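# Architecture and fold: a report
What follows is each chain in one-letter form.
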Amino acid sequence: MSRFAVALLAVCLVLGPVAPVVAQDGGTATGTANATATAEPTPELGACTGTMTDPADGVTVVSVQGARYQPEVEKTTARLVAFGPRGNVRWVHEPEGVVWSYDIDPLPNGDLFLTATTRVQGEGKTKFIRFDPANQSAVWSVTADFHDTHDADLLDEHRIAVANMRDPDPANGTNGDSLAIFNRTSGEVEWEWFFDDHYPPNVGGNYSDDWTHVNDIDPVRGGEAFLASPRNLDQVILVDRSSGEIEARLGRDQQWSTLHAQHNPMYLESDSGRPTFLVADSENDRLVEYELREGANATAGTAGEGGAWRRTWTLGSAESFQWPRDADRLENGNTLVGDSRHNRVLEVTPEGEVVWEVYAPWLVYDVARIPNGNEGGGPTIADQGAEGKYELSGGTAFSLEQQEECASTLDAAAGRGSFFAPGGAVDGVVQRLGGLPVVVGGVVVLVVLGVAFRFRDRLV
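Everything in this summary refers to the structure shown in the same document. Note that the structure is a prediction, hence the values are computed from the model and not measured.

## Some words on the side chain of aspartate 103
With respect to the helices and strands, aspartate 103 occurs in strand S9 (residues 98-106). Arginine 325 is the oppositely charged side chain nearest to the buried, salt-bridge-free aspartate 103, at an N-O distance of 11 Å.

## Some points on helix H2 (residues 400-413)
Here H2 contains 14 residues, and its C-alpha end-to-end distance of 20 Å stays within 8% of the 20 Å for a straight helix at 1.5 Å per residue. Inspection of H2 places Gln403, Cys406, Ala407, Leu410, Ala412 and Ala413 among the buried residues, and these make up the whole buried set. Positioned one or two residues after H2, glycine 415 has a phi angle of 90°, which is positive.

## Considerations on unusual backbone geometry
Following glutamine 70, the chain continues to proline 71 via a peptide bond in cis, the omega torsion being -5°. Relative to the helices and strands, proline 71 is located in the loop between strand S5 (67-68) and strand S6 (74-75). Residue proline 361 is joined to tryptophan 362 through a cis peptide bond whose omega torsion reads 5°. Of note, the phi angle at glutamine 121 is positive, near 50°, even though the residue is not glycine.

## Describing the sheet that holds strand S10 (residues 112-120)
Taken together, four strands build an open sheet; the order of strands is S9-S10-S11-S12 and the sheet is antiparallel. Two strands in the sheet have a free side with no partner beyond their single neighbour: S9 and strand S12 (137-144). Adjacent strand axes in the sheet meet at a mean angle of 25°, parallel and antiparallel pairs treated alike. Where strand S11 (residues 123-132) meets S12, seven bridges bridge the pair, whose relative direction is antiparallel. Paired with isoleucine 129 across the bridge in S12 is serine 141.

What counts as what
Note on numbering: residues in each chain are counted from 1, in written sequence order. Residue-level local features of this predicted model are given only where pLDDT is at least 70; pairs of side-chain atoms are given and counted only at 80 or more, and the full residue set underlies all totals for whole chains, interfaces and linings. Heavy atoms throughout the structure, all of them, feed into the side-chain values; hydrogens and water do not. Helix numbers and strand numbers start at the N terminus; a helix is a DSSP run of H or I with at least 4 residues, a strand a run of E with at least 2. For each residue, the accessible area found with a 1.4 Å probe, counting protein chains only, is set against the maximum for its type, and the residue is called buried under 20%, exposed over 50%, and partly exposed in between. Positive residues here are Lys and Arg, negative ones are Asp and Glu, while His and the chain termini are left out of the count. The term salt bridge refers to a pairing of a side-chain nitrogen on Lys or Arg with a carboxyl oxygen on Asp or Glu at a separation within 4 Å. What a helix should span is 1.5 Å times the count of its residues minus one. Pairing between strands is defined by DSSP: at least two bridges between them are needed. Lines fitted to C-alpha atoms define the axes here, with helix axes fitted over just the stretch in contact, and angles between the N-to-C directions of these axes take values from 0 to 180 degrees.

As structure tokens, then:
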């Protein structure tokens, strides 16, 4: 072996393998994914951090759907991003074969349950993934014969509650949009509730195509009922599993002053047991909370003066949100928000003040706070004594250039960054091995290699 080759090998052994660098909240960097929050402050909040008044009580996981709208519409990478309490990127994971990333649910043992879309022979199919953040690997995954499902919930190790959308059968003049329980082990559907049995074909979307666009399903009362969001019907419903009856309904088709193409509703109960729905009212660019009036007909769907439901809270408008698609009430009374087309996640107080903000390009779909849990819920707005209409305040409006910088940071953390860019391979080695001394040592090594290369014929 030539002396030049020996010298090159020595340099490689000194530098070692380069792994994607992910900043931690303790102010260090590591190539190992970590989903456990640290309590230490960090001096550098990162390229994706906006307003940071208070550190979060846990890690925030974001499901990034994978599409951008500025400066033009473009398909991008679907991914999961975890942010620490002060907004540093904990890890970025791009699930194998996933085209669209949708709902993400924390599980009791620290795993995450992802609902996503993959391609099978050119056709979009649903992929369910149980993901271990500590090892950055799938515990298991299964591809099922559902089309582009946006939400599912893991009921136990085998059964999955599925919001089954886009299931028309034009040849028979029927539509199979449904709520279902799918057994991933047997591959069988064990229970199914069809919208066709409860709604006429002339409401909602195109009956022969994307009719209901049911985009959410959540178990309520331990799975005795399901909360569902048929987006194209502009309503949220609570379905009793045993009777199959709709026991509560908020909104009506095209009554857009109540809800308009909503996402991710959350079922809450007041201290007095009053049913309450927190909803990301997407096409109205706002968050809303409704409480059922005492003695009212829960299935009427009506709201406003004289209606069954009373709106207790309105937050935001088209001036502050752009297509919000998730709103989770936290245990501290604040609300965690996925502001989709602004590519950001916010924690806001009941009065609308932003206390925590990160960006996650491109197109945020779902957000979850760990250890807040899966749709656990916190106090209602009425119980907090904060009823009213509020505008958002205190947020940071990232420019497109700043969002591009954030996107590059996430690319680098996922191992797809530029070799020389901040967060890329070279920067990773520098951070991992000690900053300035590594830079100086690297320069010396490069000079030595340059000289060796110049006189390589004499070194053989």
